[in-house]
Amino acid sequence: MKPSTGVWGIVGVLLFFIVPELIAFGWGAQITAWAHHRYLTEPERIIRLNYWLVEKLFEDGGSWVNLGVGVALLGWIFRERRRERKIDE
């Protein structure tokens, strides 16, 4: 599944691959501690499960694999844009 080579493709890769991983690397421990505290104090089971999920998502910090995939997709987008410009010239 290839992203669009336009602005929305770049924004999509940034928002879905790169920014979440940077947040996880930078604030993963704080987010995990907050979610764990909320998990222990939340009376509603369904909401408590949401906090459990957040805790599990951020407990290991960011993922180098996801960050690498995001950077690779951005590289692919910029390579395709450059190739399209050469074809148009």
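Attention here is on the structure that accompanies the text. (Residues numbered from 1 in each chain as written. Predicted model: local features only at pLDDT ≥ 70, side-chain atom pairs only at ≥ 80, totals over all residues. Heavy atoms only, no water.)

1. Topic: the environment of Trp34
Worth spelling out the cut-off: Elements are defined by DSSP. Helices are runs of H or I of four residues or more, strands are runs of E of two residues or more, and each kind is numbered from the N terminus.
Locating Trp34 in the fold gives a position in helix H1 (residues 7-41). For the pair Trp34 and Tyr51, spaced 17 residues apart in the sequence, the C-alpha separation amounts to 8.8 Å.

2. Some thoughts on the environment of Gly75
One can find Gly75 in helix H3 (residues 64-88). As for Gly75 and Leu40, which are separated by 35 residues in sequence, their C-alpha atoms are 42 Å apart.

3. Quick word on the packing of aromatic side chains
Formally: Note on aromatic contacts: the rings of Phe and Tyr and the six-membered ring of Trp form a pair at centre separations within 6.5 Å, being stacked when their planes are under 30 degrees apart, edge-to-face when over 60 apart, and tilted otherwise. Each residue gets one of three labels from its accessible area relative to the maximum for its type: buried under 20%, exposed over 50%, partly exposed in between, using a 1.4 Å probe on protein chains only.
If you walk through the whole model with that rule in mind, you get two aromatic pairs. Aromatic pair Phe25 and Trp64: ring centres 4.6 Å apart, planes at 45 degrees, arrangement tilted. Of this pair, Phe25 sits in helix H1 while Trp64 sits in helix H3, and the two are 39 residues apart along the sequence. Judged by relative accessible area, which is 34%, Phe25 ranks as partly exposed. Judged by centre distance (5.4 Å) and plane angle (85 degrees), the rings of Trp34 and Tyr51 are edge-to-face. In this pair, Trp34 sits in helix H1 while Tyr51 sits in helix H2 (residues 45-58), placing the two residues 17 residues apart along the sequence. Taking relative accessible area as the criterion, Trp34 reaches 43% and is therefore assigned partly exposed.

4. Here's the deal with the packing of H1 against H3
Quick reminder of the rule: To get an axis, a line is fitted to the C-alpha atoms, and for a helix only the part in contact is used. The angle between two axes follows their N-to-C directions and goes from 0 to 180 degrees. Throughout, the term roughly parallel applies to angles under 35 degrees, roughly antiparallel to angles over 145, roughly perpendicular to angles from 65 to 115, and oblique to all others. Working rule for handedness: look at the near helix, and if it is turned counterclockwise from the far one by less than a right angle, call the crossing left-handed; if clockwise, right-handed. Residues are treated as being in contact if the distance between any of their heavy atoms lies within 4.5 Å.
Here H1 crosses H3 at 155 degrees, and the two axes come no closer than 9 Å. The angle between H1 and H3 falls in the class roughly antiparallel. Seen along the crossing, H1 lies across H3 with a hand that is left-handed. Contact with H1, carried on its side by Val7, Gly9, Ile10, Val13, Leu14, Phe17, Ile18, Glu21, Leu22 and Phe25, involves Trp64, Asn66, Leu67, Val69, Gly70, Val71, Leu73, Leu74, Ile77, Phe78 and Arg81 of H3 and no other residues of that element.

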